[in-house]
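Residue-level structural notes
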Amino acid sequence: MPRLLMNPLTTDYAHFDPETRRLLLATVEFFESYGKERLLQADLDAEWVSDFLEFEKREKLFATFLTPAAYADGDPNRRWDGARNAALSEIFGFYGLSYWYAEQVTILGLGPIWMSDNEGAKRTAAQQLTDGGVMAFGLSERAHGADVYDTDMILTPTADGGFTASGTKYYIGNGNVAGMVSVFGRRADMEGPEAYVFFTVDSQHPNYRLIDNVVHAQMYVSTFELVDYPVTAADVLHTGPEAFAAALNTVNIGKFNLCHGSIGICEHAFYEAITHSNNRILYGHPVTDFSHVRGNFVDAYARLVAMKLFSDRAVDYFRSASLDDRRYLLFNPVTKSKVTAEGEKVVTLLLDVIAAKGYEKTTYFHQANRFIGWLPRLEGTVHVNVAQILKFMPNYLLNPAEYPEIGTRRDATDDAFFFAQGPLGGAGKVRFADWTKPYEARLDIPNVATFYEQAQALRTFLQTAAPDAEQSKDLDFVLDIGHLFSLVVYGQLVLEQAALTGLDADVLSRIFDVLIRDFSGYAVGLYGKASATAAQQEWALGAVRRPAVDPESFDRVWQQVASYDGAYAMRP
C-alpha cells in the first residue's frame, strides 16, 4: 500500500516537470545535508535563516517559483504554479516554520506588485527575485492589526507630485532585508476609500528605520518606521479602492500556503512520535500496546491524512478559478482556519502520547509543538475566517449550480488569475456544485453515511431554525454554526480527493469517524449557547451521532500507522 505521508527520503516528485522536481529535491537535500543537530540548534539560537537564503539565491528558487510567466523573460521554468508552490510549502514546514515564513511573506509582498499596473515595479521585483532577494508585506499595525479599513501610515503630498510617508508597521516578516516592502497607507489630504495607497519601499533606505524583531525566533517579524520616506510615482502600486482590493486579494492567494506548511510540520512530528512510542517500553509493554495510545495515533493519522486530502484538492480549485468560478473564496478561509486548527489537534494528540519527549530540545517535535499554534492565530485568526466562511453557507447548502468537472491540476502552467481576481464583494452570490454528490457516491461506508445525515441536518437547520437577526450579530453563537458548516465543506473535498487518489476505505472511514465526533461536539456546543431557542436546542441534540464501531477496520489503520515506525529520520 502506498504511503500517504510525505517522506523526504522516498518522495520523488515525479509528477512534476524536470526543473520543478530538481528544485524540490535540491531543497530537501539542502536541509538533510544541514543535519538535524544543526537545524535544531539554529532554531534554539534564533539564528536568522541566512544559510537558507544563500541556497535559495544560488538555486534561484524563489525566482523560479514566484515569478509569473509574463515577467520570466521567456524562461519556461519560471511561473506561478499553485501545485508546486504547495509542495514547496510542505517541505519548508517539514524542516522548520522559519524557512516557510521567509517564503510566505515574500509571497505576500509580491501580491500587490504582481496585481498592479506598475510595470517598472514588476520588472524590479522580477530582477530582485533573480538576484536572490526576498520581499515583505507592510499591512498590519500594532493598533489596528491587519484591519485594512484603518491605517496610521500617512502619505503627505509634496510639491513635485509625490509623497512623504510616515508611520509604523508591526508584525512584518522579512522587514530586515526585503528589497521591496509593499506598504499600505492613506493620503493625508483625502478621506474615505479614495485615500488608500499601496506603495513600495526599500528596507535599506535611510528613511526606513528597523526597530526590532517582535518574536524570539529565526524568522524576523519586524517593527519598522518610515520617517518622511520619499514616495515617487514609480513607487505607487495602487490607489483608492484598488489598494484596498489588493490587500484582500493578496491574502486570498498569499495565505493559502498556511495549510501545506502545517501539514509538513505535522508529518515530521508524526514520524518522530511513532518511532519513539513504538520502541519505548513501559510496564513491560511497548507504549503503543495501550489502547488509548493507539486511539490517539489513529485519530492523529486520520486528521493528518484529511488535511492533505482537503488541501491538495483545494489546489485544483484555486488553479481552475476564474471570474466565473470563485469557489476558491470559500476554500481559502477553510484552509487557513480548519486545516491549520487540525494541525494543532494532530500535534496535541501526539504530544499526549510522547509527553515529556516532546519538550526535549533534541527533537523536531519541540519545535513543532511551539510553532503549530502560530498558523491558525498569527496569519488570520480562526474566528475571522469562520465569519467569512458563513457568507457562503446559504448558496452552498441550498442553491447548487452546474460547473465543469475539475480534475487534478498538476500541469506546468502559470496561474495568471491569482493576480487578476477582479473586484471585491459578492461572497453571498458565489455558487457551488452540488455538494451531495461526493457524499452519495460513498454511502457504502457507514461513517460517511452517518456524517451525511448530519450534513443534511445542517441544511434543515438553515431552513427551519436559522439564527434570527440578533443571533446573527452574536459571533459567539454563529461561530459554532460556522464550524459545523466548515466540516461539511471539508468532507466534500476530502471525498473528492479520496476518489481521485484511490484512498482505501478503512482510512476514509476513520476520517469520517473523526468528523462525526467533531460535528456532534459543535452541535452540543450550540445546544449550550445562552441564546439558543428551543427549536435550535432540539435540532442540536438531534444532530448528535455515534460513529460506526469496526474494530477490524481500526486495526488495519493502526497497522498503517505502525508501518511509519523508523520510516524516516533526519540525518544527524
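Going by an unreviewed UniProt entry, the protein carries the name Acyl-CoA dehydrogenase family protein and comes from Tsukamurella strandjordii. Here is the UniProt Sequence similarities (unreviewed entry) comment for the protein, exactly as written: "Belongs to the acyl-CoA dehydrogenase family."

Let us look at unusual backbone geometry. Despite not being glycine, Asp 73 has its phi angle at roughly 50 degrees, a positive value. The phi torsion at Tyr 283 lies on the positive side, around 55 degrees, for a residue other than glycine. In this structure Tyr 283 comes out as exposed when scored by relative accessible area, which is 75%.

Our focus in this paragraph is the packing of helix α11 (residues 328-354) against helix α19 (residues 475-501). Following both chains from N to C, one finds α11 and α19 inclined at 95 degrees, their axes separated by 11 Å at the closest point. As far as their axial angle goes, α19 and α11 are roughly perpendicular. When α11 is examined against α19, the residues Leu 330, Phe 331, Val 334, Lys 338, Val 339 and Glu 342 are found in contact with a partner set consisting of Phe 485, Leu 487, Val 489, Tyr 490 and Leu 493. The class makeup of the residues in the contact of α11 with α19 is 9 nonpolar, no polar and 2 charged.

Next up on the list: helix α12 (residues 364-371). Buried residues dominate α12, accounting for 6 of its 8 residues. If you check which residues of α12 are buried, you get Tyr 364, Phe 365, His 366, Gln 367, Ala 368 and Phe 371. Those residues of α12 hidden inside the fold are in contact with α2 (36-44), α5 (82-95), α6 (97-114), α9 (258-277), α11 and α13 (375-378).

The tally for this structure, following the rule as stated, stands at 3 cavities of 30 Å³ or more. One number sums up the size of the largest cavity: a volume of about 100 Å³. Together, Trp 80, Gly 82, Asn 85, Ile 253, Phe 256, Asn 257, Val 315, Phe 318, Arg 319 and Phe 418 line the largest cavity. Counting only elements with at least two residues in the lining of the largest cavity, the list comes to α5 and α10 (291-319). By residue number, the principal contributor to the lining of the largest cavity is α10, which donates 3 residues. Residues of the lining of the largest cavity, tallied by class, amount to 6 nonpolar, 3 polar and 1 charged.

The rules behind the values
- Residues numbered from 1 in each chain as written.
- Predicted model: local features only at pLDDT ≥ 70, side-chain atom pairs only at ≥ 80, totals over all residues.
- Heavy atoms only, no water.
- UniProt positions renumbered as here; feature names shortened; annotations may be inferred.
- Buried < 20%, exposed > 50% of the residue type's maximum accessible area, 1.4 Å probe, protein only.
- Axes fitted to C-alpha atoms, helices over the stretch in contact; angles between N-to-C directions.
- Helix = DSSP H or I, 4+ residues; strand = E, 2+ residues; numbered from the N terminus.
- Parallel < 35°, antiparallel > 145°, perpendicular 65-115°, else oblique.
- Contact = heavy atoms within 4.5 Å.
- Nonpolar A, V, L, I, M, F, W, Y, C, P; charged D, E, K, R; others polar.
- 1 Å grid on protein atoms, 1.4 Å probe; cavity = no way out; pocket = protein on both sides within 12 Å on 5 of 7 lines; lining within 4 Å.
- Points joined across faces, edges and corners; volume = space filled by probe spheres on them.

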